[in-house]
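Examining the three-dimensional arrangement
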Amino acid sequence: MAIPKHVLIVGAGLGGPCLALSLARQKISSTIIEIRHGISESGGSLSLGADALRVLDRSVGVYDRVRAAGFVYHRIGAYLEDGHKLGEVVAGEDTDQGYPAVRIMRPTLHKLLIEASQAAGDFVKIKWSGSISTIDEDDTGITARFDDGTEIRGDILIGADGIHSQVRKHVLGSASPIPLFTNTCVINGFLPRSSAKIPSSNFTFPAIMFTPAGVFMTIPIDPEGKTLAWGVTTSEKERTRKEWSEFELSGDALRMARAECSDIQLEPVRSLLDNAVESEARVWPAYSIFTLPTWHTSRICLIGDAAHALPPNGQGSAMAFQDAALLGRMIASKSASTSYDQVFTRFEALRRPEIEKVEKSAKPVSSLKTKSGPWIWYLKSWAFWGFFKFKGGVLRMHNGPIYDVDAVDLGKL
């Protein structure tokens, strides 16, 4: 059983095209199956650190285009609600880790990955409007059957279909978990930079501000830095999908953010919230899933949020990219005597410890983002001040070398 001739990938979000492009660079063909009808125009902005950009550069080949399309930055200013600057958070350094950080709109990143996939010729095909009804595995391959009666055959199938993964249900059956709401949501929007009042001459973007209402962040999203994304992370009750949409479009989300930040006069928080348009504010409710007992069967493997959707941590895209690049490398390195089950088992063994590290580091950070009463906020603000002071006013997002997919010891495959 040598390397596969045809890989089926369910999900044309970010992780699926990343895997397809990684395989294409190693001369392995794939078909991406996506239930949507085309490229999505929905979604907010996201930050890509050195760990994500390294993959997009070395394994996927789109780094230059991503960097050119987004806002490049190296440090984030950190402030308390009274305007006191705690210090800076190092997000990326060209001279240190080899990559800066880039803030980019998710639809822009998605379009770049899809365009690169379409440019890969016969190595990558995309089936839009592909609603899978059944998945059948046998000794020689796997068949995905669609609601319209058609089917497609491949050697293996990779589920990159996100937190609400349908492939996960096939892998785990009745044991497949229902995503759990984390009691946290991000209310966000976009405004011209001219709409923000700058509190002082030494204030810089991007900036993160710790307040009793939660964490407020603002960051440019375009190469020239003319448009700012703003977002406040706060606690909220769970809603249905329809209710979340109504909460967003009715303007209730922005009104809630304004109400919770009503006592905060810190700029640019105040001007950004005051100038935001109620109907244009967006909401991202954060969900996660329990740790899965397994990510694979003999011919199916899950990656990204389908396998390990974590509480908010800013690393979701990077984790999916790393999964895709590493699995692509392992698939291409597979020997004829190694089964796909063995490849997937080894993949899990390599990736689970990395996911656990991110999950462990995300838990204390998540607790800092929630709304605080007066006494809790008093303790938090002093804790922020003390921690930055202890670190000399500079925190690093990465302590030590960044994760390098190419340096991972694959073992015998």
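In case you missed it, the structure is sitting above this.
Rules used throughout
- Residues numbered from 1 in each chain as written.
- Predicted model: local features only at pLDDT ≥ 70, side-chain atom pairs only at ≥ 80, totals over all residues.
- Heavy atoms only, no water.
- Buried < 20%, exposed > 50% of the residue type's maximum accessible area, 1.4 Å probe, protein only.
- Helix = DSSP H or I, 4+ residues; strand = E, 2+ residues; numbered from the N terminus.
- Contact = heavy atoms within 4.5 Å.
- Pairing = 2+ DSSP bridges.
- Axes fitted to C-alpha atoms, helices over the stretch in contact; angles between N-to-C directions.
- Left-handed = near helix turned anticlockwise from the far one by under 90°.
- Nonpolar A, V, L, I, M, F, W, Y, C, P; charged D, E, K, R; others polar.

Quick look at helix H7 (residues 252–260) now. Buried within H7 are the following residues: Ala 253, Leu 254, Met 256, Ala 257 and Arg 258. On its buried face, H7 sits against strand S13 (180–192), strand S16 (227–235), helix H6 (241–249), helix H8 (269–275) and strand S17 (282–288).

As a further point, take the sheet that holds strand S11 (residues 151–154). Taken in spatial order, the three strands line up as S9-S10-S11 in an open sheet, and their pairing is antiparallel. At either margin of the open sheet sits one strand with a lone partner, and together these are strand S9 (132–137) and S11. Taking the axes of each pair of neighbouring strands and ignoring which way they run, one obtains an average angle of 15° across the sheet. Here four bridges tie strand S10 (residues 142–146) to S11, and the two strands are oriented antiparallel to one another. Paired with Ala 144 across the bridge in S11 is Ile 152.

Counting buried positions over the seven residues of strand S15 (residues 214–220) gives six, a clear majority of the element. Where strand S14 (residues 207–211) folds back on S15, the antiparallel hairpin that results is connected by two residues. Across six bridges, S15 lies against S16 in antiparallel orientation. When the sheet's bridge partners are listed, Met 217 is paired in S16 with Gly 231. Remark: six residues form the turn of the hairpin made by S15 and S16, two consecutive strands paired antiparallel; Gly 225 in that turn has positive phi of roughly 70°.

It is worth spelling out unusual backbone geometry at this point. Omega for the bond connecting Phe 205 with Pro 206 falls within 30 degrees of zero, at 0°, which places this linkage in the cis form. Note that Pro 206 resides in the loop between S13 and S14. In this model, Glu 267 is joined to Pro 268 through a cis peptide bond whose omega is 10°. Locating Pro 268 in the fold gives a position in the loop between H7 and H8. Backbone geometry at Ser 129 places phi at a positive 55°, although glycine is not the residue there.

A word on the pairing of S11. Only one face of S11 is covered, namely the one carrying Ile 152 and Gly 154; the face carrying Glu 151 and Arg 153 has none of its residues buried. As consecutive antiparallel partners, S10 and S11 are separated by four residues, and within that stretch Gly 149 has a phi angle of approximately 95°, a positive value.

Reading across from one edge, S17-S13-S16-S15-S14-S5-S6-S19 is the order of the eight strands in this open sheet, with mixed pairing throughout. Both outer strands of the open sheet, S17 and strand S19 (394–396), are each paired with one neighbouring strand and no more. Along the sheet, successive strands turn relative to each other by an average axial angle of 25°, direction set aside. The strands touched by helix H12 (residues 374–390) within the sheet are strand S5 (75–80), strand S6 (85–90), S14 and S19, with S6 carrying the most contacts at an inclination of about 60°.

Here we take up the packing of helix H2 (residues 50–60) against helix H10 (residues 316–333). For the pair H2 and H10, the least separation of the axes is 8 Å and the interaxial angle reads 35°. By crossing handedness, the relation of H2 to H10 is classed as left-handed. Side by side, H2 and H10 meet where Asp 51, Ala 52, Val 55, Leu 56 and Ser 59 of the first sit next to Ala 318, Phe 321, Gln 322 and Ala 325 of the second. Here the residues of the contact of H2 with H10 are counted per class, giving six nonpolar, two polar and one charged.

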